[in-house]
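# Residue-level structure breakdown
Given next are the chains, with one letter for each unit.
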Amino acid sequence: MKTPVENIPNIGPIYQKRLKKLKIKTLGDFLYNFPRDYKDFSRVSKIKDIKINEVNSISGTIKSIEEEKRKMSIVRALIEDDTASIEVVWFNQPYLAKSLKIGDKIMLSGKVRINRYSVSMVSPAFEKVSSKENIHTGRIVPIYSETKGITSKWIRYVLKSIIDKIKNKIPETLPEEIIKNYNLLPLPKAIEKIHFPDSNEDIIQAQRRFVFEQLFLISLLNMKKREELRKESAPAIPINLPVIKKFINSLPFELTPAQKKCSWQIIKDMERNFPMNRLLQGDVGSGKTVVSAIAAINTVKAKRQVVLMAPTEILTKQHFKTFFNLLKNFNINIGLLTGKTDLYYSKKLKNDTIEISRKKLLEKTEKGEIDILIGTQALITQTKTKENKVKFNDLGLIIIDEQHRFGVKQRAALSPKNKIAHLLSMTATPIPRTLTLTIWSDLDLSIIDTLPKGRKKVKTEIIDEEKTAYSFIRKEIKKGHQAFVICPRIEAEEDEKIIVKSVIAEYEKLSNVVFPDLKVNMLHGKMTPKEKDKIMRDFKNKKFDILVSTSVVEVGIDIPNATVMMIEGADRFGLAQLHQFRGRVGRGKKQSYCFLLTESKSKTTIERMKAMTKYDSGFKLSEIDLKLRGPGDFMGKRQWGIPDFVMSSLNNLEIIKEARSASEEVFPVTNEKLKRRLEAFEEKLHLE
Ligand code: ADP
Ligand code: MG
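Predicted model, so just to flag it, every value in this text is computed and none were measured.

## As for the overall build of the chain
What the chain contains, in helices and strands, is 24 helices and 24 strands. Judged by the C-alpha coordinates and their principal axes, the chain covers about 95 × 70 × 45 Å. Classification of the 688 residues of the chain by burial places 51% in the buried group. A separation of at least 24 residues holds for 71% of the contacts in the chain among residues at least 6 apart in sequence.

The following block contains the structure:
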C-alpha cells in the first residue's frame, strides 16, 4: 500500500506529477481515491430496442467511420448489431477517426437523440470489446475527481489492472471478528466494489464498510485520548456553594432545570484532580453563557484564572459585556483582549470599564490580577512575539464558544506547571446525540435541552413571493423593529439557469427600489473584520432598519430588536443553518417571524422547509436533515478529520451506533495490527 506511484506499471513521470495534484502519491492513495459519483450504463440493449432520450448501452461492429470538418470536427460512425444499426457522433474528438477502425467490435454508452433527419447516439463513452471485462461502458461506471491530463477513463484503466493484479494481496485492516460481527465487506472486496460495482447494492455495501471503518477508528482514537487525559493532573476546584447560590440569586431570572443540571455536572467535574473535557451543547438562546459563568465564578473564587475564547471579535465583546454585567458585584476583574485598539479592564467594585494598553493587560494577566480574560482563540494562543504572548499566573478553566477542538498541547501551554486546565466547550450546533457520542466521544456531554420559559416561538412560513414578505417587513419596521434578509451569495453569478440571490444585488434592489424610504445596509464575508464589526454594532444600535447579509451572521450576536428573518434561496442552506439564522430573531420579548423563500419544487426540499415550520428544536431539525441529506451541512467538515465520502454517505444513525459499539468491544486495543493502524490513522489526522 505504501508503494510510491513511481513503481506502479503504466504510470510514467508525467502522470506521476499530475497524480500529485490529486494528492495521490502511493498505491494506497490510488486505491483509496474513491469515485465521486457513478454513471449507470448497465442497461445494455439491442439497437432495435434503444430508448430515445435515455442513456443506453449497446454493443456492435463499426461499419463505417469518418471525420467531417465543419466549424468543429465531427466524427460519424455507423454501428451495427444483429438487430439494427445506429449512427454515432462525437464532437471535437478528431483522433477517434484514426483510433477506431471499420470492423472493430465496440461497446458504447450514451444518450440517444432524435432530430429531423436521424436517430443518433451523441458523444457516448466507448471501449473496444476484447476478452477483458469492460470498464467504461455497459455497467455502472465510476466517475472520479479529475485534473488536467487525468480523466476518469485513465484512472479506471490503471485501477482495473492494479486491482486485478493485487486484489488478493490487499491486507485486511479491521479485526476479523469485527468484519464478521458487523457484516462488513472484507477490504479487498470493498476496494474492488467501490471502484467497479456490479450493482447499486455493491456501492452501498462498499461505502458502508469504509464509513464504518472511519467512524470506528475515530471512536477508538477518542477513547484513547480520553484515557490519556485522565492520567493528567489538573487543578482541583472545590465547589463554593455560598458564592454560587449568591450568584444564582442575583440573576434576573430563574435557571431552567437543564441549566442547573449542566452547571452541576460541570462543577462536579472540576472538583476532581484530572482535567475536565466537557461539551456543553444547547440550542441558540438556551442560556449557555450563564452556565459557563457559574463555572467561571467558582473557579475565580478558588483563586484560579479563567480564559474565554470565541471565534469572532464581535462575540468576544458581547461575552465581555455579559460577563461584566453578570459579575460586577462579585469583585472580579475581567479583561478583554481584542484586535489592536480596544482593550478594556473592569475594575474591582466599579460600575464601569476602562481602556488599558495591551502591555498592561498582559502584565496583569501574568500576575494573576485578571481573573477572567476574554478574547478570540487566535489572539490568546497565537500571539507572535514573546512579549506579546499571553501568560497566565494560574489558569484553572478554559471556556471555548463555538469551537469544538482544542488540543491538549494548546491547553498545556496556557496551564499552570505540570497541570492541565479544565476545558468547557460550548456549541449551539445541533448534532444528533448518537453522532456526538461517536465523533466527540473524548468529551463528556452536557445538554441544555429546554429553552427558558416564556420564549415566543418564531412564526415560520414558506413563501414563494417576495412581495408578501416585503410588505410585512415594512409593517414591522413601522413598529420600530428591524429585519434581516439573508442571501446565499455575495455577488451575482449565473448558476446554470437559476439566478441565485446575492447580497450586493439585493442590497441595491431593497435600498433603491423596494424600501427607498428606509435605511438598508449590507454585510458579507469579503468585508474586513473592522467593517463587519461596525455594521453589526450599528445594527444593534438601531442606526438602520434592514440588514442584507450572507451567512456570516450565523454565529452570533444578539439583536433583540430584530423581529423578521427573511431567507432568500432557503433551500440552499442546511436545516441546522436555517435554524441558526432563525435564532438571530426572537431573542427579545416581541413576537418574531421567519420567511423562507424557495422556488424549488423538489420533494425533499419541500419536506425540509416544512420541517422548519413544524419544529423549533435544533436537534430535531438536524436529525431530519441527516436523514434527508446527510450531515455535510451542519458539521464544519475539516475539524472532524472525516473524509468527504464519509460525510456524504453518513445518513443513517445505525452505522454510527454500530461503529461505536464495535470500538467499545475492542478497547483497550490489544490487537497489534489494529494498534498500528490506529497509530497511522492518528498520524494522518494530525498531518492534515
Ligand atoms: P446561548 O445558549 O445561545 O449562548 P445565551 O446564553 O446568550 O444563549 O442566552 C440567551 C438569552 O437568554 C440571554 O439574554 C440570557 O440572559 C437569557 N437567559 C438565559 N437563561 C435564562 C433563563 N433561565 N430564563 C430566562 N432567560 C434566560
Ligand atoms: Mg452563546
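## Some remarks on the packing of aromatic side chains
Following the criterion strictly, the structure yields 16 aromatic pairs and no others. Judged by centre distance (5.5 Å) and plane angle (70°), the rings of Trp90 and Phe126 are edge-to-face. Note that Trp90 is positioned in strand E4 (residues 85-91) and Phe126 in strand E6 (residues 119-128), a separation of 36 residues in sequence. Look at Trp90 and you get buried, because its relative accessible area is 1%. Exposure remark for Phe126: the relative accessible area of 14% places this residue in the buried category. Ring geometry for Tyr182 against Phe212: centres 5.3 Å apart, planes inclined by 45°, an arrangement best described as tilted.

## Notes on the domain arrangement of the chain
Segmenting the chain into domains produces domain 1 (43-138), domain 2 (241-448) and domain 3 (459-615). Taken over C-alpha atoms, the centre of domain 2 sits 31 Å from the centre of domain 3. Regarding the contact of domain 2 and domain 3, the summed buried area is about 1000 Å², with carbon and sulfur atoms giving 59% of it. The three residues of domain 2 that bury the most area against domain 3 are Val284, Ile314 and Gln318, which together make up 51% of that side's buried surface. Run the count over domain 2 and domain 3 and you get one salt bridge. The salt bridge partner of Asp533 is Lys317, with a shortest N-O separation of 3.1 Å. Linking domain 2 to domain 3 there are three residue pairs in polar contact (both at pLDDT 80 or more). Partitioning the side of domain 2 that touches domain 3 into residue classes produces six nonpolar, three polar and four charged.

## Concerning the pattern of salt bridges
Summed over the entire model, instances satisfying the criterion amount to 45 salt bridges. In this structure, the salt-bridge partner of Arg209 is Glu213, at a minimum N-O distance of 2.6 Å. Here the residue Arg209 and the residue Glu213 both occupy positions in helix H7 (residues 200-231), the gap between them amounting to four residues, near one helical turn. Here Arg209 and Glu213 have matching classes, each one buried. In this structure, Glu369 and Lys364 form a salt bridge, with 3.1 Å as the shortest nitrogen-oxygen distance. With relative accessibility at 31%, the residue Glu369 sits in the partly exposed group. What makes Lys364 buried here is its relative accessible area of 18%. Among the ionic contacts, a cluster of salt bridges with common partners joins Glu133, Arg139, Lys160, Asp164, Lys193, Asp198 and Asp202.

## Observations concerning the sheet that holds strand E23 (residues 562-567)
Read from one edge to the other, the open sheet built from six strands follows the order E17-E24-E23-E18-E22-E21, with strand pairing classed as parallel. Edge positions in the open sheet fall to strand E17 (459-463) and strand E21 (520-523), since each of these has one partner strand only. Sheet twist, expressed as the average angle between the axes of neighbouring strands with direction ignored, equals 20°. Summarising the sheet, E23 and strand E24 (residues 593-597) pair through four bridges and their orientation is parallel. Bridged to Val564 within E24 is Tyr593. Those strands touched by helix H19 (residues 575-582) are E17, strand E18 (482-486), E23 and E24, and its axis lies near 150° from that of E23.

## Some details on the packing of helix H11 (residues 313-327) against helix H18 (residues 529-540)
As a packed pair, H11 and H18 sit with axes 9 Å apart at the nearest point and diverge in direction by 45°. In terms of orientation, H11 and H18 fall into the oblique class. When H11 is examined against H18, the residues Glu313, Ile314, Lys317 and Gln318 are found in contact with a partner set consisting of Lys532, Asp533, Met536, Arg537 and Lys540. Partitioning the contact of H11 with H18 into residue classes produces two nonpolar, one polar and six charged.

## Here we look at the sheet that holds strand E3 (residues 73-80)
Spatially, five strands are ordered E2-E3-E4-E6-E5 in a closed barrel, and the strand pairing comes out mixed. Neighbour to neighbour, the strand axes of the sheet diverge by 50° on average, direction disregarded. Across seven bridges, strand E2 (residues 55-69) lies against strand E5 (residues 105-114) in antiparallel orientation. Bridged to Asn56 within E5 is Gly110.

## Let's talk about helix H10 (residues 288-301)
Counted at 1.5 Å a residue, the expected span for H10 with its 14 residues is 20 Å, and the 20 Å between its end C-alpha atoms agrees. Trailing H10 by a residue or two, Lys303 shows a phi angle of about 65°, which is positive.

## Some remarks on H18
Compared with the 16 Å implied by 1.5 Å per residue over 12 residues, the 16 Å span of H18 between its first and last C-alpha is a close match. Within H18, burial applies to Asp533, Ile535, Met536, Asp538 and Phe539. Close packing links the buried residues of H18 with H11, E18, E21 and strand E22 (546-549). Looking one or two residues past H18, Lys542 carries a phi angle of roughly 60°, positive in sign.

## Here we look at unusual backbone geometry
A cis amide bond, omega -5°, links Phe667 with the succeeding residue Pro668. Here Pro668 is to be found in the loop between helix H23 (653-666) and helix H24 (672-687). In this model, Asn418 sits at a positive phi of 60°, which is unusual for a non-glycine residue. Judged by its relative accessible area of 70%, Asn418 is exposed. At Lys542, a position not held by glycine, the phi torsion is positive, near 60°. By secondary structure assignment, the location of Lys542 is in the loop between H18 and E22.

Cut-offs and rules
- Residues numbered from 1 in each chain as written.
- Chains lettered and ligands numbered in written order.
- Predicted model: local features only at pLDDT ≥ 70, side-chain atom pairs only at ≥ 80, totals over all residues.
- Heavy atoms only, no water.
- Helix = DSSP H or I, 4+ residues; strand = E, 2+ residues; numbered from the N terminus.
- Buried < 20%, exposed > 50% of the residue type's maximum accessible area, 1.4 Å probe, protein only.
- Contact = heavy atoms within 4.5 Å.
- Phe/Tyr/Trp six-rings, centres within 6.5 Å; stacked < 30°, edge-to-face > 60°.
- Domains from an automatic or database assignment.
- Buried area = accessible area lost by both parts, 1.4 Å probe.
- Salt bridge = Lys/Arg side-chain N within 4 Å of Asp/Glu carboxyl O.
- Polar contact = N/O pair within 3.5 Å; in protein donor to acceptor, adjacent residues only side chain to side chain.
- Nonpolar A, V, L, I, M, F, W, Y, C, P; charged D, E, K, R; others polar.
- Pairing = 2+ DSSP bridges.
- Axes fitted to C-alpha atoms, helices over the stretch in contact; angles between N-to-C directions.
- Parallel < 35°, antiparallel > 145°, perpendicular 65-115°, else oblique.
- Expected span 1.5 Å × (residues − 1).

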